[in-house]
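Take a look at the letters that make up each chain.
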Amino acid sequence: MRYAKNFLYIVGLPALLLIGWVLWSAQSTSFFVPTWEQMTNAFSTTWTWSRMTTDVFPSVGRLIAGIIVSIILGIVVGLLVGSFRWLRQLMEPTMEFFRAVPPVVLIPVFMLLIGIGDDMKIAVIVLGAVWPILLNTVEGVRSMDEVLSDTSHTYRISGVARIRYLILPSAMPQIMAGIRQSLSIALILMVISEMFASSAGLGYTIIQFQRSFAIPEMWSGIVVLGLIGVIMSFIFQIVERKVLAWYHGQREMENAG
Amino acid sequence: MTTSPEEHTPVINQGTMADTPDGHIPVGHTLPEGEALLSVRNLKKIYHTDGGDIEAVRNLTFDLPKGELTCLVGPSGSGKTTLLKAISGLLEPTAGEVKLAGNLVTGPPKNMAVVFQEYGRSLYPWMRVRENVELPLKVAGMDKAKRSQLVDDALEAVGLDHVPRSYPWQLSGGMQQRVAIARAVAYQPEVLLMDEPFAAVDAQTRADLEDLVRRVWKQLGVTVLFVTHDIDESVYLGSRVVILSSSPTIVQQDIKIDLPDERDQLETRSSARFAELRHHVYEQIQLAKQGFRPDAAKAQV
Ligand SMILES: Nc1ncnc2c1ncn2[C@@H]1O[C@H](COP(=O)(O)OP(=O)(O)O)[C@@H](O)[C@H]1O
Ligand SMILES: [Mg+2]
């Protein structure tokens, strides 16, 4: 019974929207609003297996690579910057500068420096997605509980052990919040990175449809993008709930007491 | 001076007056060179803050002999935590020194464990009880079988062998503090420092935990410095009480607790000698709170 209710909550709104759209689009005469029949047709003819392997999977692969590199880079640099005050002072103005530069404007520069291959596209994703993780990690490291830190010192937990058993887990709630923000940025940049000098990819395909006025196909591509976003956030939630089980448990306890 | 109207056997004052860099002031009980396990000499701590300097500790001198349970009592803000941090190498003193077994303390020493008042913030919330107790041993590189045994023993000693898989935040305050004590016990320190460990637990739990500390102390033969602002607790627990003045802090008095070795919450606390010692410590603390300083009194006479 409870599961049925939860299920209804989850699919309720999407189902309503879907029905609304079917009804509304059925009598559409606008060129830009395809009927639902056109859409479903376009969807099944466009997103064939071969299209998946040539356009979707490579894009998703770059997306995943970009996210992984962002996470590793953001956490490692964030740990360093958060741990050393002098490094923080040294890096702060520079970081602010690079953070303020929209990664999109750097694409031409990257094309010259790294070429037009996967590396360039991954670099674009990383350049945008790394910041929330990096800055949140810095904050997480800095907001370390003083008593916990003292305790660890008295038990001579230092060096790598300190990072592994103290700093990293204690910063994890903030790191996770940073990763969540980065995911959506990475998805946007995945599309944008394929706007220049590309010949394949999900973003490229959607833009091609748009330029050739293949409107139903374009819409169907946008739906695919949305689905990727939903799947990403779903996976993230599962991981987050597992990694931060202690954090949510503790919070619940505090609220209850 | 402070005259007690009652005609009891005198309280045994172990302290003396001494010439220090901070003048002719009372100091705690000291031992001949090389005999003390922990030795604090002319310890001074001045905090430099944006709002100006705060002299938390002016001059503290005392020794801890090996295997003794000493209580340190003083009004809040008298620099007890500051002293413990200096002893445990977390804080560099402004002047003076701390020596552990003859070696100058410059960082957290190997054979020392500290139990803090804030149990909720001294346990790792992302680790289960057992992992919390085990971590220092694991990091020290102890082999698995040995540390597993130590953790089991420690959890049993504090009466927590039934919750090794709980998270600390699932436990009551008293039980969390037991975990912190178990962690200290498993670490097998030579010196155990405790900073008002039971200030935040309820009275009944507190009595149990006090007896636990005495039991652990006897079992391990560890040297304990127990900091508290609770006068009854300080008299009940130890074989000695060092009373601190209010800030800027010096040793107000260092007295011997000549209660029988077997302590009992009911019997000991209702004995005449307990009442007398308690009365004396209370009086000294009141004097300290009013800003009475043995050195200042001396100067006025
Ligand atoms: N980190 C600090 N910076 C500045 N002043 C401090 C700091 N820690 C403690 N103090 C001051 O030093 C004095 C003694 O504090 P503390 O050692 O915590 O006393 P106690 O533990 O006896 O209550 C207090 O006046 C307190 O405000
Ligand atoms: Mg304190």
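Calculation criteria
- Residues numbered from 1 in each chain as written.
- Chains lettered and ligands numbered in written order.
- Predicted model: local features only at pLDDT ≥ 70, side-chain atom pairs only at ≥ 80, totals over all residues.
- Heavy atoms only, no water.
- Contact = heavy atoms within 4.5 Å.
- Buried area = accessible area lost by both parts, 1.4 Å probe.
- Salt bridge = Lys/Arg side-chain N within 4 Å of Asp/Glu carboxyl O.
- Near = heavy atom within 4 Å.
- Polar contact = N/O pair within 3.5 Å; in protein donor to acceptor, adjacent residues only side chain to side chain.
- Areas by Shrake-Rupley, 256 points an atom, 1.4 Å probe, with all protein chains shown as cover.
- Helix = DSSP H or I, 4+ residues; strand = E, 2+ residues; numbered from the N terminus.
- Nonpolar A, V, L, I, M, F, W, Y, C, P; charged D, E, K, R; others polar.
- UniProt positions renumbered as here; feature names shortened; annotations may be inferred.
- Expected span 1.5 Å × (residues − 1).
- pLDDT = per-residue confidence, 0-100.
- Buried < 20%, exposed > 50% of the residue type's maximum accessible area, 1.4 Å probe, protein only.
- Arc of directions from axis to C-beta.
- Pairing = 2+ DSSP bridges.
- Right-handed = clockwise from strand over helix to strand, strands pointing away.

Peer 1: Sorry if this is basic, but what is going on with the interface of chain B and chain A here?
Peer 2: By a widespread convention, an interface's size corresponds to the accessible area lost as its parts come together. Each partner contributes residues to the interface: chain B has 29 residues there, and chain A has 21 residues. Where chain B abuts chain A, roughly 2,300 Å² becomes buried across the two surfaces, and 67% of that area is made up of carbon and sulfur atoms. When the buried area of chain B at its contact with chain A is split by residue, Arg121, Trp126 and Trp169 of chain B rank highest and sum to 30% of it. Our count for the chain B to chain A interface comes out at three salt bridges. Its salt-bridge partner being lysine 85 of chain B, residue aspartate 150 of chain A comes within 3.5 Å of it at the nearest N-O pair.

Peer 1: Looking at this structure, I do not really get the site of ligand 1. What am I missing?
Peer 2: All names here are of chain B. Neighbouring residues of ligand 1: Tyr47, Thr49, Ile54, Ala56, Pro75, Ser76, Gly77, Ser78, Gly79, Lys80, Thr81 and Thr82. Between an oxygen atom of ligand 1 and a main-chain N or O atom of serine 78, the distance comes to 3.2 Å. Starting from 560 Å² of accessible surface for ligand 1 in isolation, the protein chains cover 62%. When residues of the shell around ligand 1 are traced back to their parent elements, those giving at least two are strand 4 (38-49), strand 5 (52-64) and helix 1 (80-87). If you tally residues by element for the shell around ligand 1, the top one is helix 1, at three residues. Considering only residue class, the shell around ligand 1 consists of four nonpolar, seven polar and one charged.

Peer 1: Mind showing me how you'd approach the UniProt feature "domain: ABC transporter" (unreviewed entry) in chain B here?
Peer 2: UniProt's entry tags residues 38-271 of chain B with the feature "domain: ABC transporter" (unreviewed entry), counted in the numbering of this structure. In this annotation, residues 38-271 of chain B is assigned 35% helix and 28% strand; the end-to-end C-alpha distance for the span is 32 Å.

Peer 1: Even after reading the chapter, I still don't get helix 10 (residues 215-243) of chain A, so can you show me in this structure?
Peer 2: Three- or four-residue spacings in an α-helix give side chains the same orientation, since the helix completes a turn every 3.6 residues. With 29 residues, helix 10 of chain A should cover 42 Å at 1.5 Å per step; its first-to-last C-alpha distance of 42 Å lies within 8% of that length. Buried-residue contacts for helix 10 of chain A involve helix 2 (36-46), helix 3 (49-83), helix 8 (159-193), helix 9 (202-211) and helix 11 (245-256) of chain A.

Peer 1: Honestly, the confidence of the model for chain B in this entry has me stumped. Any pointers?
Peer 2: The predicted structure's coordinates, where accompanied by low pLDDT, should not be read in detail. All names here are of chain B. The predicted model of chain B averages 91 in pLDDT, with 95% of residues at 70 or higher. When the criterion is pLDDT under 50, residues 1-5 qualifies, and its contacts beyond four places in sequence or with other chains add up to three contacts. Predicted complex metrics record ipTM = 0.91 and pTM = 0.89.

Peer 1: Sorry, what's going on with the UniProt feature "domain: ABC transmembrane type-1" (unreviewed entry) in chain A here?
Peer 2: With numbering aligned to this structure, UniProt lists the feature "domain: ABC transmembrane type-1" (unreviewed entry) at residues 56-240 of chain A. For residues 56-240 of chain A, the helix share is 85%, the strand share is 0%, and the end-to-end C-alpha distance is 26 Å.

Peer 1: Help me out: how do you make sense of the UniProt feature "transmembrane region" (unreviewed entry) in chain A in this one?
Peer 2: All names here are of chain A. UniProt records the feature "transmembrane region" (unreviewed entry) at residues 7-26, 63-85, 97-116, 122-141, 185-207 and 219-239, using the numbering of this structure. Helix makes up 60% of residues 97-116 and strand 0%, whereas the separation of the span's terminal C-alpha atoms amounts to 25 Å. Secondary structure content for residues 122-141 is 100% helix and 0% strand, while the C-alpha to C-alpha distance between its ends is 27 Å.

Peer 1: Got a minute to help me understand helix 11 of chain A in this structure?
Peer 2: All names here are of chain A. Counted at 1.5 Å a residue, the expected span for helix 11 with its twelve residues is 16 Å, and the 16 Å between its end C-alpha atoms agrees. For helix 11, every residue scored as buried is listed here: Trp246, Gly249 and Gln250. The buried residues of helix 11 occupy an angular sector of 100° when projected down its axis, which confines them to one face. Away from its buried face by more than 90 degrees, helix 11 exposes Glu252 and Asn255. Buried-residue contacts for helix 11 involve helix 8 and helix 10.

Peer 1: Looking at this model, I keep getting lost on the pairing of strand 10 (residues 191-195) of chain B. Mind explaining?
Peer 2: Every regular strand shows the same layout, with side chains that alternate between the two sheet faces. Residues and elements named next belong to chain B. Judged by how many residues are buried, strand 10 sits mostly within the fold: five of five residues are covered. In strand 10, alternate side chains face the same way, and those of Val191, Leu193 and Asp195 on one face and Leu192 and Met194 on the other are all buried. Two elements, strand 9 (residues 112-115) and strand 10, share four bridges in a ladder whose sense is parallel. Following the sheet pairing, alanine 113 is matched in strand 10 by leucine 192. Taken together, the five bridges between strand 10 and strand 11 (residues 223-228) define a ladder with parallel strand orientation. Among the inter-strand pairings, leucine 193 is bridged to a residue of strand 11, identified as leucine 225. Between the parallel pair strand 10 and strand 11, the chain is carried across by helix 6 (residues 203-220), and the sense of this crossover is right-handed.

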